[in-house]
Structure formats: structure tokens, C-alpha cells
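Residue-level structure breakdown
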Amino acid sequence: MIKECNMSSGSSSSSGGGDNRYRVVCVMDASSRLGSALVHCLLARGYSVNAAIQSHAKVKDFEGLISSVGENDNTRLKVFHSDPLDYHSILDALKGCCGLFYSFAPPSDHPTYDEFMAELEVMAAHNVLEACAQTDTIEKVVYTSSATAVIWRDRGGSLPSDFDERNWSDVNFCKKFKLWEGLSKTLAEKAAWALAMDREVNMVSINGGLLMSPDLTISHPYLKGAAEMYEDGVFVTVDLRFLVDAHICVFEDISSYGRYLCFNQVINCNNDAIKLASKLLPSDESSVPQGMEDSRVFQQRISNKKLSKMMVEFENRSQVE
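Summary of the structure given here. (Residues numbered from 1 in each chain as written. Predicted model: local features only at pLDDT ≥ 70, side-chain atom pairs only at ≥ 80, totals over all residues. Heavy atoms only, no water.)

A count of helical and extended segments in the protein gives 10 helices and 10 strands. For the protein, buried positions account for 55% of its 321 residues. For the protein, restricting intrachain contacts to residue pairs at least 6 apart in sequence, the fraction spanning at least 24 positions comes to 75%. Taken as a whole, the protein presents about 14,800 Å² of accessible surface, with 51% of it coming from carbon and sulfur. (Helix = DSSP H or I, 4+ residues; strand = E, 2+ residues; numbered from the N terminus. Buried < 20%, exposed > 50% of the residue type's maximum accessible area, 1.4 Å probe, protein only. Contact = heavy atoms within 4.5 Å. Areas by Shrake-Rupley, 256 points an atom, 1.4 Å probe, with all protein chains shown as cover.)

It is worth spelling out the pairing of strand S2 (residues 48-53) at this point. For a regular strand, the rule is simple: side chains alternate between the two faces of the sheet. The buried fraction of S2 is high, at 6 of 6 residues. In this structure, strand S1 (residues 24-28) lies alongside S2, joined through 5 bridges in parallel fashion. In the strand pairing of S2, Cys 26 is matched with Asn 50. For the crossover that starts at S1, traverses helix H1 (residues 33-44) and ends in the parallel S2, the hand is right-handed. Pairing geometry for S2 and strand S3 (residues 77-81), over 5 bridges, is parallel. Within the sheet, the bridge partner assigned to Ile 53 lies in S3 and is His 81. (Pairing = 2+ DSSP bridges. Right-handed = clockwise from strand over helix to strand, strands pointing away.)

Another aspect to go through is helix H6 (residues 180-198). Taking 1.5 Å of rise per residue, the 19 residues of H6 would be expected to cover 27 Å, and the 27 Å separating its terminal C-alpha atoms lies within 8% of that figure. Glu 200, located one to two residues past H6, shows a positive phi value of around 55°. (Expected span 1.5 Å × (residues − 1).)

Tallying each qualifying case throughout the model produces 9 salt bridges. In this structure, the salt-bridge partner of Glu 313 is Lys 309, at a minimum N-O distance of 2.8 Å. Note that Glu 313 and Lys 309 are positioned in helix H10 (residues 305-320) at a spacing of 4 residues, about one turn of the helix. For Glu 313, a relative accessible area of 35% puts it in the partly exposed group. Take Lys 309: its relative accessible area is 53%, and that puts it in the exposed class. (Salt bridge = Lys/Arg side-chain N within 4 Å of Asp/Glu carboxyl O.)

With that settled, consider unusual backbone geometry. For the bond running from Met 28 to Asp 29, omega is 0°, close enough to zero to count as cis. Among the secondary structure elements, Asp 29 is positioned in the loop between S1 and H1. Of note in this structure, Lys 178 is not a glycine but carries a positive phi near 55°. Within the element layout of this structure, Lys 178 appears in the loop between helix H5 (171-176) and H6. With a phi angle near 55°, Glu 200 is a residue other than glycine that sits in the positive phi range.

Pairing is mixed across the open sheet formed by 3 strands, whose spatial order is S7-S8-S10. Edge strands, defined here as strands with exactly one partner in the open sheet, are strand S7 (210-211) and strand S10 (265-266). Of the pairings in the sheet, the one linking S7 to strand S8 (residues 236-238) comprises 2 bridges and is parallel in character. Within S8, the position partnered with Leu 211 by the bridge is Val 238.

Right under this line is the structure:
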């Protein structure tokens, strides 16, 4: 993995080669947990960063970081108010950038995933990719999607022996069982890929597992259908550090292409399920639920070999160079 965000930045594996000090990238939405971590890591690796933030209130909070990133870094960090539903505000944040790291953040007036969220996320994806197509300096887009855009399909039929990046969630299945995050992520990512191919935008996607964080709760939309994911061997989680490493790797490695499933833990046994439940539930509710006193281990049926292979090769090349 990228160690302390300071692997050699001038290697031939870089997406554009040369010194990162002369490269500007945009992170949108930079106020999210992933976005903020990416901003810090990219600055540490020598990039200049346009931090695009959706909420006006969070723009003010984020501007406080400029004074905390260090005297040499604060001139390399610019903060923009950029709403993915406002095409022109995206263009402003992308000016002069060679790359974009994009992840969708639900708007403050519609924070909950429901049957209407897909329309908003698809519209945002369309605006972002169109803005990238109109920005001549953009070399690569890293689009953050979700494993929920991969794993959902009718369990009554035959299932693949191993889910990987070639699989897509079934939209009708998501609608039927009200898997709103899976529906939204699938439709938005498909819209992004369609526009990227049509407008010849170089895009890769990171389909991440459930992002582990201290404030994670049982109400997280990813967890709808958790029992089915668990029994099917496709319930995956990812740590922030690993997720950030993956984003940087697929951006800087010129060989990256297509989709990448990203996770570093599979929840497929009783002990793992209990540990996760203890993190998700309040302390007074974290006793082992009925039915979890179970010694079964469900076969892992999801693979991240594509990403793992590339990250190992990327790190090895960087160490040699």
C-alpha cells in the first residue's frame, strides 16, 4: 500500500509522468471522509488540489484546514463551492486540473437514500462527466462507486461462482426489494460509463465495500440486505486508508482501466459478524442477536484480485524507481 502517502511521485507509472508539484487535481466532494483523506494524501504527494465542496457551511469549515496543512501546502490547496447538480460550478472547480476524484454526496435537503435518490445521483454523474469532457486538461477521472452496484441479483437463478468487476446489480431486483443505494449506485455508474465512453473521457471506477468509520451506524444504506450479503459471501468492508491507497493507485498507474472492486475484509463468519454488530449498535443493544450463535463460515464469493494485483505491481515499480 502507499506508505504515509509519500511514495516516489516522479515514476514512469504516474498517469502523466513528471513531478507532481506541477499537477493539479480536483477532489469532489472534498468534505466527505474519503474526500478529506484524499485531499491530505494528494497534498502530501506533491499535488496541488482543488477541493470541491457541495455545502456552503462545509466550505467554511474546510477553509480552516488551509492554515493547518503547512506553510508549503496552503498555497497548493484551493477550496471551491461546487454542487454536482450545478454544471457550471463543476467547470469552475475543474479549471486547470489533470484529474478528478469524484464521489457523490447526498444533498443536504435530501440526505436519505430512497426511491428518488437515483435520479439525483444519475444527474450528478452526468453533469460531472460532461464537465470533464469539456475540460481539455483532464487526463483521468476516478469515479467512486460501490460494491452494491455489483452484487445484487435474483438469488433464485444461477449465481456467479465469484462476483467481480464484470458483474452488475440487477436494477429490477433492487427496485423490488427497495435496495435504494444499490439502485442509485448502479444507475449512476452506468450513466457515468456511458457518457465517458461517448465523450472519450478516461475513467476508472472504484467499487468500494462498506467504508468503516467511527460514526458508522446500522442505518447506513449499504447495510440494507446485510443478512443476504453475509450468507451469500459478498458482504465486504474497506478501511479508509486502503480505500485512499486504491484511488491514488488507479489514478497514477497508466495501466488502470475499467472497474475495481475495493475491499480488505469479508464478513462471512460469526466472529466477524459479531464484531461488526458491536460497532454498529449502541452499547446497550450490542448483545449477540438471536441466530448469530453459529459456527458456519460462508464461502467468499467476491473477488478483488484485479485491484490487488495492480496495487502490488504499482508499489513494486515505485520502490524500484
